[in-house]
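Listed below are the residues making up each chain.
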Amino acid sequence: MEARRFPCSRQRQVLFLLLFGGVSLAGSGFGRYSVTEETERGSFVVNIAKDLGLGDKELLARGARVVSDDNKQHLEPCMLYFQILMDNPFQIYRIELRVRDINDHSPVFRDKETVLKILENTAEGTSFQLERAQDSDGGLNGIQNYTINLNSFFHIKISGSDEGIIYPELVLDRALDREKQQEFSLTLTALDGGLPPRSGATNIHIVILDVNDNAPQFSQAIYETQAPENSPVGSFIAQVSAGDADSGINADISYSFFDASEDILTTFHINPFSGEIILRLLLDYELVKSYKINIQAIDGGGLSSKCSVWVEVLDTNDNAPELIISSLSNHVVENSPETALAVFRIKDRDSGENGKTVCFIPDHLPFLLKPSVENFYILMTEGALDRERQAEYNITITSGSTLVRVVVVDSNDNSPEFQQPFYEVKISEDSILGSPVVTVSAWDLDSGKNGEISYMFSHASEDIRKTFEINQKSGEVSLTSPLDFETTESYSIIIQATDGGGLFGKSTLRIQVMDVNDNAPEVTVSSITSPIPENSPEIVVMVFKMSFFFKFITLFNFFKHYC
């Protein structure tokens, strides 16, 4: 397992975990681990496979992989959650990783100098809350103490809040006299808990005022309001109001944010005269669910009071469900039994009813969805598929509106078939060698190699193999040896078409040889009578045979033809 270097701050990089061991559980499991921030890439964190007593072969066989949500901003403490998925059987192992903070940031005050106005008649023991420093580190590495330089009028007291944050308070130790000293300059130092501690400082400029004996008073110490997350920029959020019993300039009140984070300052705006708070940046319930806004009212004499405004962000259904595919195998061999094609989960960033999701596929397709744990689903074939009926499917998974393309891979389940079971042709016996006799043709419903056809003579005699040949690719039968009608008047040839998977079909070819006049007549004398007496009556003097038939010629005809 390795960790990428990870600074544990508000704007965080994402920690990726790579699984080198194997994980296989009888059921879903849960593990907690930790890693120090800024850990170098490649550093060992934990061997989950070893913890669970599994080996590499089982891990590989079960296709283990890591899925995680990486779109959340991680606040203190830094926690990452992810799952390890395994197949055969399908299981999920949930893991929680805590990133331990190191002291790599110093405390920082937002302002280099703070002006504090104090009435000269302020009672001893009065405390003034000062704006705290910010430290990106957390826990013991966060801010632990505040100090000021040694003086005879003030000291620092540390106070805490319900959120576990400490604030510096400036406490007056002795009475002030503006006529003797009109101002003070003190250095406020914030210290964190590191060894050695880091520090940051700001200057506190204290101005002693003439008496303004009434500070502003808010109508409420805490204001509570709600705002939908889809509220447009410029929307009214709340309005605070404070009064002052003084008159004149000492009763003029201005409103401002106090001890506000950068997030508050960029999201909200307060009208300094009316106390009206408006929205200056869109809200997002999935990122921030509520805000605490500290408001101070300052009168013309410098006296102030504070209140808090709690803004609850209301969730709206503004996030479509997301379909996250963990594994996908979109090729399936035809005639295969029920097969898992994809493992995915549905996530909706909305909450409550808005975050509930349903997932389904069209009913007319030969596929089904099997729900698993924690919004995981398995897309499977419902039974054997036939590529020759349909070669591919486009499956729309409704929820995240995701299209999955499934290709049916061919298996050799079809034999070649000839266009004709019987071919009959005629060819002249004087045909030229190489002349085409006929072209036979077969087809195969399979694809790829399984659909490639080659032709051959099946169980052909030596005479047929010498006289004819067939092109293995085209199926053309051609003449390779002279024909002789007087020797062979016809041929019967069985032709076989074989596909790339070894299946075959057959057809019969009958070739009729046509006679041509390629032989001169030949005379063969069978008998002859000689000599012939003069004045003999008509007698047989010769019997002879001509090619293909016999003629008997009488002496009368003989003399008539030859004399």
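Above this text sits the structure in question.
Described in the following lines is the structure provided in the data block. As the structure is a computational prediction, the values presented were derived from the model and not from experiment. (Residues numbered from 1 in each chain as written. Predicted model: local features only at pLDDT ≥ 70, side-chain atom pairs only at ≥ 80, totals over all residues. Heavy atoms only, no water.)

A word on the sheet that holds strand β28 (residues 392-397). To summarise the sheet geometry, strands pair through backbone hydrogen bonds and adopt either a parallel or an antiparallel arrangement. In space, the 3 strands of this open sheet follow the order β24-β29-β28, with mixed pairing throughout. Looking at which strands have only one partner, the edges of the open sheet turn out to be β24 (331-333) and β28. Strand after strand, the sheet turns through a mean of 30 degrees between neighbouring axes, direction not considered. Bridging between β28 and strand β29 (residues 402-409) involves 6 bridges; their strand directions are antiparallel. Counterpart to E392 in the pairing with β29 is V407. (Pairing = 2+ DSSP bridges. Helix = DSSP H or I, 4+ residues; strand = E, 2+ residues; numbered from the N terminus. Axes fitted to C-alpha atoms, helices over the stretch in contact; angles between N-to-C directions.)

Attention now moves to the environment of D518. By the element assignment, D518 lies in the loop between β38 (504-514) and β39 (523-528). Along the sequence, D518 and D484 sit 34 residues apart, while their C-alpha atoms lie 9.6 Å from each other. Those residues within four positions of D518 in sequence are excluded, and the remaining contacts are E429 and E486. (Contact = heavy atoms within 4.5 Å.)

Mapped onto the fold, V358 is located in the loop between β25 (340-347) and β26 (367-371). Separated by 12 residues in sequence, V358 and I346 place their C-alpha atoms 8.5 Å apart. Leave out the neighbours within four places in its chain, and V358 touches T398 and S399.

Moving on to the pairing of β38. The side chains of a regular strand alternate between the sheet's two faces. Residue alternation in β38 divides its side chains into a buried set, G505, S507, L509, I511 and V513, and an unburied set, F504, K506, T508, R510, Q512 and M514. Summarising the sheet, strand β31 (residues 422-428) and β38 pair through 7 bridges and their orientation is parallel. If you follow I427 over to β38, its bridge partner there is V513. In this sheet, β38 lies alongside strand β37 (residues 490-499) in antiparallel orientation, the contact comprising 9 bridges. Bridge pairing links T498 to F504 in β38. Between β37 and β38, which pair antiparallel in sequence order, lie 4 residues; one of them, G502, sits at a positive phi of approximately 100 degrees. (Buried < 20%, exposed > 50% of the residue type's maximum accessible area, 1.4 Å probe, protein only.)

Looking now at empty space enclosed by the protein. Applying the stated rule across the entire model yields 2 cavities of 30 Å³ or more. If you add up the space inside the largest cavity, you get close to 70 Å³. What lines the largest cavity is F109, R110, D111, T114, L130, E131, L188, T202 and I204. (1 Å grid on protein atoms, 1.4 Å probe; cavity = no way out; pocket = protein on both sides within 12 Å on 5 of 7 lines; lining within 4 Å. Points joined across faces, edges and corners; volume = space filled by probe spheres on them.)

Let's shift gears to the packing of aromatic side chains. All chains considered together, the criterion is met by 9 aromatic pairs. Their ring planes at 55 degrees and their centres at 4.9 Å tell us that F153 and F184 sit as a pair that is tilted. With F153 in the loop between β9 (143-148) and β10 (154-160) and F184 in strand β12 (residues 183-192), this pair connects stretches of sequence that are 31 residues apart. Judged by relative accessible area, which is 9%, F184 ranks as buried. Geometrically, the ring pair formed by F468 and Y491 is edge-to-face, given 5.1 Å between the ring centres and 80 degrees between the ring planes. You can see F468 sitting in strand β35 (residues 468-470) and its partner Y491 sitting in strand β37, a full 23 residues away along the chain. In this pair, the class of F468 matches that of Y491, namely buried. Through a chain of ring-to-ring contacts, three or more aromatic side chains come together here, namely F153, F154 and F184. The ring of F153 has R174 sitting right over it, with the charged end atom 4.5 Å from the ring centre. For the cation-ring pair, K306 lies above F258, with the distance from its terminal atom to the ring centre recorded as 4.6 Å. (Phe/Tyr/Trp six-rings, centres within 6.5 Å; stacked < 30°, edge-to-face > 60°. Lys NZ or Arg CZ within 6 Å of the ring centre and 35° of its normal.)

Our focus in this paragraph is unusual backbone geometry. Backbone phi values are negative for most residues with the exception of glycine, while trans is the configuration of most peptide bonds. Here the amide bond leading from L195 into P196 is cis, since omega sits at -5 degrees, within 30 degrees of zero. Tracing the backbone through its elements, the reader meets P196 in the loop between β12 and β13 (199-209). You will see that N335, though not glycine, has its phi angle at about 70 degrees, which is positive. Tracing the backbone shows N335 in the loop between β24 and β25. At H459, a residue that is not glycine, the phi angle is positive and equals roughly 50 degrees. Tracing the sequence through the fold places H459 in the loop between β34 (453-457) and α4 (462-467). By relative accessible area, H459 is classed as exposed at 79%.

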